[in-house]
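As a plain string of letters, each chain reads:
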Amino acid sequence: QVQLVESGGGLVQAGGSLRLSCAASGRTFSSYVMGWFRQAPGKEREFVATIWWSGGKSLYADSVKGRFTISKDNAKNTVYLQMNSLKPEDTAVYYCAAPRKWYSDYTQRYAYEYWGQGTQVTVSS
């Protein structure tokens, strides 16, 4: 089992920045990656970014590339999402997630079994 706790959401004006954190506990050594997803009202949950625990390779959704940066602290079992140049369309509940086993495509929601409770990010125009 892996437990995930997000923090760092809030209200920010367009163009501003926020940093989200996701603290993982439990069998994190088997999770391969940690990902961030988001879900806006009335929309499907969508992939934002993911990072490999080993090596640090990362992937981003096109919509956030160049504005968001995912990073990790292996010693703290914590993953971060630095969000810059925020736009109103970034408003959503942001979730961190971890897989239970290996998948070939970690940009897909089905690859993740463990989810945090979510943290609200609201960007005002």
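Before any of the text, the structure's been laid out above.
Residues numbered from 1 in each chain as written. Predicted model: local features only at pLDDT ≥ 70, side-chain atom pairs only at ≥ 80, totals over all residues. Heavy atoms only, no water.

*Asks:* Run through the overall build of the protein, naming residues and quoting values.
*Replies:* Helix and strand content of the protein: zero helices and 11 strands. Listed by position from the N terminus, the elements making up the protein come as β-β-β-β-β-β-β-β-β-β-β. The C-alpha radius of gyration of the protein comes to 13 Å, within 12% of the 14 Å expected for a compact globule of 125 residues. Principal-axis analysis of the C-alpha atoms places the extent of the protein at approximately 40 × 30 × 25 Å. Scored against the burial criterion, the 125 residues of the protein give a buried share of 44%. Considering only residue pairs separated by 6 or more positions, the protein has 55% of its internal contacts joining residues 24 or more positions apart. Carbon and sulfur atoms make up 48% of the accessible area of the protein, which totals about 6,400 Å². (Helix = DSSP H or I, 4+ residues; strand = E, 2+ residues; numbered from the N terminus. Rg over C-alpha atoms; globule rule 2.2 N^0.38 Å. Buried < 20%, exposed > 50% of the residue type's maximum accessible area, 1.4 Å probe, protein only. Contact = heavy atoms within 4.5 Å. Areas by Shrake-Rupley, 256 points an atom, 1.4 Å probe, with all protein chains shown as cover.)

*Asks:* Quick one: what's the story with the nonpolar core, residue by residue and with numbers?
*Replies:* The nonpolar side chains of soluble globular proteins are, as a tendency, buried together. One finds L4, M34, W36, L81, M83 and Y94 to be the most contacted residues of the largest nonpolar core, which totals 37 residues. Sorting the residues of this core by element identifies β1 (2–7), β3 (18–26), β4 (33–39), β5 (46–52), β7 (68–73), β8 (78–83), β9 (92–98) and β11 (119–124) as the ones contributing at least two each. (Core = buried A, V, L, I, M, F, W, Y, C linked by side-chain atoms within 4.5 Å.)

*Asks:* Account for the state of the cysteines, naming residues and giving values.
*Replies:* Scanning the model with the defined rule gives one disulfide in all. C22 shares a disulfide with C96; S-S distance 2.0 Å. A torsion of 60 degrees about the S-S bond marks the disulfide between C22 and C96 as right-handed. Residue C22 is found in strand β3, and its partner C96 is found in strand β9; the two are separated by 74 residues along the sequence. (Disulfide = S-S within 2.5 Å.)

*Asks:* Report on the packing of aromatic side chains, specifying residues and quantitative values.
*Replies:* For the coordinates displayed, the defined rule picks out nine aromatic pairs. Between Y106 and Y112 the ring centres are 6.0 Å apart and the planes differ by 65 degrees, which places this aromatic pair in the edge-to-face class. Feature note: the residues F37, F47, W52, Y95, Y103, Y106, Y110, Y112 and W115 constitute an aromatic cluster, connected by ring pairs. A cation over a ring is seen here: R45 above Y95, with NZ or CZ 3.7 Å from the ring centre. Lying over the aromatic face of W52, K57 brings its terminal NZ or CZ to 4.8 Å of the ring centre. (Phe/Tyr/Trp six-rings, centres within 6.5 Å; stacked < 30°, edge-to-face > 60°. Lys NZ or Arg CZ within 6 Å of the ring centre and 35° of its normal.)

These values are about where atoms sit, not about what they do.
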